[in-house]
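Listed below are the residues making up each chain.
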Amino acid sequence: DPLQSGVHPHPALSNPNLDIVGGDFAASSTTITGVIALAKAPGFDPLAPQGHIFYLEFQPSVSPYALYLQARVDPSGAVSYGAGTITVSRAGGFDYTPNSTIAVKGKVSGPSIRMTVTTKALAPLVTLKPQSRINAIKASSFASIQVPDNAGLLLSGDLTKSAKPFIAGTPSCVVPVR
């Protein structure tokens, strides 16, 4: 799975800590956990001085919009986590709207980023029940670079999608972040 560096041939996109090599997803009656596996552990990148952002996106069949979990790696290597909704923008792209009331726990362990959110925390957005279908699961990475006359620009590093939907409550080896 090569990096998508052909879209913007910026040197920051050749960094292996943007290269998604795999992932996993699990949803129980109490938690949703996603894992993004990278070729190299995330950390400082002088070519992306504003850091890296990793998204795990999913579309519950009972929700009118997609949801995301996010890990943001700042220039020092510190990681913060968040969640929000994804809607179609009027310009034809997508709007990622953070929701600061949703607590996401996360952990970076070597080249893996693991994020967990409780279904209770997601209740204002969606009610997931056992056997709920979750579609369009994907993971993506971005480099945040400084450009003249702009506060910053997100360059797409990599993207991977699940070929199958997930049924909430399906047994999984993914361990939630506690």
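Residues numbered from 1 in each chain as written. Predicted model: local features only at pLDDT ≥ 70, side-chain atom pairs only at ≥ 80, totals over all residues. Heavy atoms only, no water.

1. Structural notes on the overall build of the chain
Helices and strands together make up the secondary structure of the chain, namely 1 helix and 11 strands. Overall, the chain shows an N-to-C arrangement of helices and strands of β-β-β-β-β-β-β-β-α-β-β-β. A buried classification covers 42% of the 178 residues belonging to the chain. Across the chain, every contact between residues at least 6 apart in sequence was considered, and the portion connecting residues at least 24 apart equals 58%. Working note: accessible area of the chain is about 9,000 Å², and carbon and sulfur atoms make up 57% of it. (Helix = DSSP H or I, 4+ residues; strand = E, 2+ residues; numbered from the N terminus. Buried < 20%, exposed > 50% of the residue type's maximum accessible area, 1.4 Å probe, protein only. Contact = heavy atoms within 4.5 Å. Areas by Shrake-Rupley, 256 points an atom, 1.4 Å probe, with all protein chains shown as cover.)

2. Remarks on the packing of aromatic side chains
This structure, assessed with the given rule, holds 6 aromatic pairs. Of the aromatic side chains, those joined through ring pairs into one cluster are Tyr55, Tyr68, Tyr96 and Phe142. (Phe/Tyr/Trp six-rings, centres within 6.5 Å; stacked < 30°, edge-to-face > 60°.)

3. Points about the pattern of salt bridges
Summed over the entire model, instances satisfying the criterion amount to 1 salt bridge. A salt bridge links Lys138 to Glu57, with the nearest nitrogen and oxygen atoms 3.6 Å apart. Pair noted here: Lys138 is in strand β9 (residues 133-147) and Glu57 is in strand β3 (residues 52-60), with a separation of 81 residues, a long-range link. By relative accessible area, Glu57 is classed as buried at 5%. (Salt bridge = Lys/Arg side-chain N within 4 Å of Asp/Glu carboxyl O.)

4. Side note on the environment of Lys107
On the secondary structure map, Lys107 appears in strand β7 (residues 104-109). Exposure remark for Lys107: the relative accessible area of 45% places this residue in the partly exposed category. Not counting the four nearest positions on each side in its chain, Lys107 is found in contact with Tyr81, Ser112, Ile113, Arg114 and Val177.

5. Comments concerning unusual backbone geometry
In this structure, Gln131 takes a positive phi of about 80° despite not being glycine. On the secondary structure map, Gln131 appears in the loop between α1 (119-122) and β9.

6. What to know about the pairing of strand β6 (residues 94-98)
Bridging between strand β5 (residues 79-88) and β6 involves 5 bridges; their strand directions are antiparallel. Paired with Thr85 across the bridge in β6 is Thr97. Between the antiparallel neighbours β5 and β6 lie 5 residues, among them Gly92 with a positive phi of about 100°. (Pairing = 2+ DSSP bridges.)

7. A word on the sheet that holds strand β1 (residues 20-27)
Strand order in this open sheet of 4 strands is β1-β2-β8-β7, and the pairing throughout is antiparallel. A single partner strand is all that each edge strand has here, and the edge strands are β1 and β7. Strand-to-strand twist across the sheet, computed as the mean angle between neighbouring axes with direction ignored, equals 10°. In the sheet, β7 pairs with strand β8 (residues 112-118) via 6 bridges, with the strands oriented antiparallel. If you follow Val108 over to β8, its bridge partner there is Ile113. (Axes fitted to C-alpha atoms, helices over the stretch in contact; angles between N-to-C directions.)

Function-wise, these values are silent; they only describe arrangement.
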